[in-house]
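Notes for the structure review
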Amino acid sequence: TAFTTAAACEALLILGEALPGAARQAALAAAERAGAWLERRFNAEVMNQNLAAALALWDLAALTGAARWRRAAEDKYRRLAAAQNAEDGGHRNRA
C-alpha cells in the first residue's frame, strides 16, 4: 500500500491538470483512503515501507492542501528519525 500510494501520488503531482478531472478525483479519493490506512501504521521491521508511507502522506498534503496529511507525514518522518541508529543503520532489536 505504501509504495503504490506513493507512486500514484507522485504521478498525480507530475501530471497535474493534464489528467482529466474525473480520473484525477477518483485517483485522489483512492489515495486518500490509502492514506488513512497508512496514517495509523508503523512497522519497525520494515523501515522502507514506513518511508514510502511518509512520502505518500507528504504528497497527499501537497495534492490536497489538507493539514491532516502534512501532520501525518511529519509524524511518520519523526518516528523514522527516532528509529535510526548510527551503529546498526536503524535496525534496532535485530537478532
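Okay, so let's go over this structure.

Remarks on the packing of helix H1 (residues 2–15) against helix H2 (residues 21–39)
- Orientation of H1 relative to H2, taken along the N-to-C sense of each, is 145 degrees, at an axis distance of 10 Å. The crossing of H1 and H2 is left-handed. Between H1 and H2, the residues in contact are Ala2, Thr5, Cys9 and Leu12 and Arg24, Ala27, Leu28, Ala31, Ala34 and Leu38, respectively.
- Looking at the contact of H1 with H2 residue by residue, the classes come out as 8 nonpolar, 1 polar and 1 charged.

A word on H2
- Spanning 19 residues, H2 covers 26 Å between terminal C-alpha atoms, matching the ideal 27 Å at 1.5 Å per step.
- Of the residues making up H2, those classed as buried are Arg24, Leu28, Ala31, Ala34, Gly35, Ala36 and Leu38.
- Lining the buried residues of H2 we find H1, helix H3 (47–64) and helix H4 (67–83).

Focus: H4
- Compared with an ideal rise of 1.5 Å per residue, which puts 17 residues at 24 Å, H4 spans 24 Å between its outermost C-alpha atoms and is within 8% of the ideal.
- Looking at H4, one finds that the buried residues are Trp69, Ala72, Ala73, Lys76, Leu80 and Ala83. Seen along its axis, H4 keeps its buried residues to an arc of 100 degrees; they face one direction. Exposed side of H4, more than 90 degrees from the buried face: Arg71, Arg78, Ala81 and Ala82 are the residues found there.
- At its buried positions, H4 is contacted by H2 and H3.

Cut-offs applied
- Residues numbered from 1 in each chain as written.
- Predicted model: local features only at pLDDT ≥ 70, side-chain atom pairs only at ≥ 80, totals over all residues.
- Heavy atoms only, no water.
- Axes fitted to C-alpha atoms, helices over the stretch in contact; angles between N-to-C directions.
- Helix = DSSP H or I, 4+ residues; strand = E, 2+ residues; numbered from the N terminus.
- Left-handed = near helix turned anticlockwise from the far one by under 90°.
- Contact = heavy atoms within 4.5 Å.
- Nonpolar A, V, L, I, M, F, W, Y, C, P; charged D, E, K, R; others polar.
- Expected span 1.5 Å × (residues − 1).
- Buried < 20%, exposed > 50% of the residue type's maximum accessible area, 1.4 Å probe, protein only.
- Arc of directions from axis to C-beta.

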